[in-house]
2 protein chains.
Amino acid sequence: MAGEFELIKKKLSGHDHGPGVILGIGDDCALLQPQKGRQLAVTTDTMVEGRHFFAGTRADYLGWRALAVNLSDLAAMGARPVWFLLSLNLPEGSKQWVADFARGLFALADREKIPLIGGNMSAGPLSITITAAGAIKPERAMLRSAARPGDGIYVTGTLGGCGLYVKAGMGEVKLSPELYAQAYKHSFMLPVRTEFARKAARYCRCAIDLSDGLAGDLRHILLQSRAGAEIRLENLPLAPVLQSREAAARLSVQERLDLAVYGGCDYELLLTLPPKLEPRLLQSAKRTHTPVTRIGTILPAERGVHFLYQGRRQPLRPGFEHF
Amino acid sequence: MAGEFELIKKKLSGHDHGPGVILGIGDDCALLQPQKGRQLAVTTDTMVEGRHFFAGTRADYLGWRALAVNLSDLAAMGARPVWFLLSLNLPEGSKQWVADFARGLFALADREKIPLIGGNMSAGPLSITITAAGAIKPERAMLRSAARPGDGIYVTGTLGGCGLYVKAGMGEVKLSPELYAQAYKHSFMLPVRTEFARKAARYCRCAIDLSDGLAGDLRHILLQSRAGAEIRLENLPLAPVLQSREAAARLSVQERLDLAVYGGCDYELLLTLPPKLEPRLLQSAKRTHTPVTRIGTILPAERGVHFLYQGRRQPLRPGFEHF
């Protein structure tokens, strides 16, 4: 076991160099030189087999996604990724698994130029924890508490694709192999919105990443900002897999909207900002090739929360109606 | 489950304030202001049930120890702890467990004045990952690669206590309830050597924390420093539980020494430094009430590695003899 782990460790080392990394893997701690005039944004996320992903999920997909969900948190603050740590609990006999995992992980890490500066490996049921740090100028962080009445509400990318994949994986909907493969890939090979978010952080004060689902994450914003909101469901950018002819045949409009509203795990950004800043937002979106869609408006708290479909109010699921 | 987790989260929040913490728990990331003129030392450690501790281990002990092993890594560099993150995978129905865990965790965190700035909780087999950061002046970090021939080799505290506990837990030795309880507590309520280590880092260039056991961790130092060593086993400071009359009756001298050499999980520090600096080291030890013992000498690489007992060379276990 120890020998296997040594081999595995090699697969995960050698990516620990970069600006600010004084000492990478191999001592009791890594040593970093923080960038002058910058704050540090820090986040951590865990994926447990059977809870956050199905047993047997492709290891390269998991490697990419484990880092992507952390980069998504950094993007939601507007921070530039600077380093990350990896803690892997994995069953014995996982050598090939780790090679595949490392391929997916470093495909993203190397693209984003973020070094893996440390971590550890333990035998145990499969669980992946990544801790990531980003650098950001003071006062520039986008906060959940900064939404103001009148702000437009925007999302990047599309919603509901991961929800469809999970529904299919649970056996609640049957998809063709082609559509299933598309939804599977969509759910793991997540886009990372770093570049767009760093531009947006220059003028936008409020953002969150959509991990729990639109309803749940909007709720975080509204609670912390003490505000209400109106969402126009017909404006939600549905994932391509939900817009497919096959999905339209298998799911009602309501079911597809529900996946976009409650499905979760899309890891897109939700931002709010005053209408006069919308042109800047759309310019940042264009420059970074990031799809951005306005889906609603922040309201004063006393106006409450409304999800409208073609002008008619839609009831919210229990747990989401009280803000 | 979600409801229970909300309650659990409350038990782990409210300790996220301190110098340099701009934003604690509750947004996509925590925000930290790095201290001017300091580097950041970062480490992470995981404890998996059934692998790093026996099922049924007291939760308050685990809380203390999960943080202590990370603080031990920071101490081994000479860094001052500044913040930490916690990722908990735990089975459902763990409310009381978390209350106990939090009590142990914050007993140490509050004493060391280190804020818990974020983390996450997942349902899953019990596993505890902590990531901790410390601040340290440039050039002051104690490295595994900095041992030099002629250096004295020193350890803090005592060795082998945790090894005895593990041996008893595996049923390889039978202890009285009193001695078992003493070894149990000794293995989890670890001392933290931060204050001593920060003083030592002013003049000492080489340290490591003893997690794998004396032989294994000395090996890391010798490999990275390209050096040999001579250890005098009669000088090893044995844990009080190993010095007890009961332990002497149940275990041979050789067995007790083996626990000190290979037992692991003592989380004491091993340091090396030139003999002329020994008085300073002993002064730092005295001022911080830290037991420090000289156990050997660093040799040139070509002299090899010798573990001597009363002048006679002891063979090393397989895996440790080649450096």
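What you see is a predicted model, and the numbers here were worked out from it, not measured in a lab.

1. Some points on unusual backbone geometry
For Glu139 of chain A, which is not glycine, the phi torsion reads 70° and is therefore positive. Note that Glu139 of chain A resides in the loop between β6 (127-136) and β7 (152-156). For Glu139 of chain A, a relative accessible area of 72% corresponds to the exposed category. In the Ramachandran plot, Cys265 of chain B falls in the positive-phi region, its phi being about 55° despite a non-glycine side chain. Position of Cys265 of chain B among the secondary structure elements: in the loop between α10 (253-262) and β10 (269-273). Under the relative-accessibility criterion, Cys265 of chain B is labelled buried at 12%.

2. As for the state of the cysteines
Counting across every chain of the model gives two disulfides over all chains. The partner cysteine of Cys162 of chain A in its disulfide is Cys265 of chain A, sulfur to sulfur 2.1 Å. In this structure, the disulfide formed by Cys162 of chain A and Cys265 of chain A twists by about -100° around the S-S bond and is classed as left-handed. Highlighted residues: Cys162 of chain A in helix α4 (residues 161-169) and Cys265 of chain A in the loop between α10 (253-262) and β10 (269-273), separated in sequence by 103 residues. Like Cys265 of chain A, Cys162 of chain A is buried. Between Cys29 of chain A, a cysteine without a disulfide, and Cys206 of chain B, which holds the nearest cysteine sulfur, the sulfur-to-sulfur distance is 14 Å. When its relative accessible area of 2% is taken as the criterion, Cys29 of chain A is described as buried. We note that Cys204 of chain B lacks a disulfide partner, and the nearest cysteine sulfur, in Cys206 of chain B, lies 6.5 Å from it.

3. Some words on the sheet that holds strand β2 (residues 30-32) of chain A
Judged by pairing direction, the sheet is mixed, and its six strands sit side by side in the order β1(A)-β2(A)-β3(B)-β6(B)-β4(B)-β5(B) without closing on themselves. Here the strands that pair on one side only, and so sit at the sheet edges, are β1 (21-23) of chain A together with β5 (116-123) of chain B. Along the sheet, successive strands turn relative to each other by an average axial angle of 20°, direction set aside. Taken strand by strand, helix α2 (residues 59-77) of chain B contacts β1 and β2 of chain A together with β3 (39-48), β4 (80-90) and β6 (127-136) of chain B, and its axis lies near 145° from that of β3 of chain B. Seen against the sheet, helix α3 (residues 95-111) of chain B touches β4, β5 and β6 of chain B and runs at an angle of roughly 170° to β4 of chain B.

4. A closer look at the side chain of Asp266 of chain B
Counting through the fold element by element, Asp266 of chain B comes out in the loop between α10 and β10. Not counting residues up to four positions away in its chain, the partners in contact with Asp266 of chain B are Thr158, Leu159, Gly160, Gly161, Cys162, Leu190 and Leu210 of chain B.

Quick notes on the rules
- Residues numbered from 1 in each chain as written.
- Chains lettered and ligands numbered in written order.
- Predicted model: local features only at pLDDT ≥ 70, side-chain atom pairs only at ≥ 80, totals over all residues.
- Heavy atoms only, no water.
- Helix = DSSP H or I, 4+ residues; strand = E, 2+ residues; numbered from the N terminus.
- Buried < 20%, exposed > 50% of the residue type's maximum accessible area, 1.4 Å probe, protein only.
- Disulfide = S-S within 2.5 Å.
- Pairing = 2+ DSSP bridges.
- Axes fitted to C-alpha atoms, helices over the stretch in contact; angles between N-to-C directions.
- Contact = heavy atoms within 4.5 Å.

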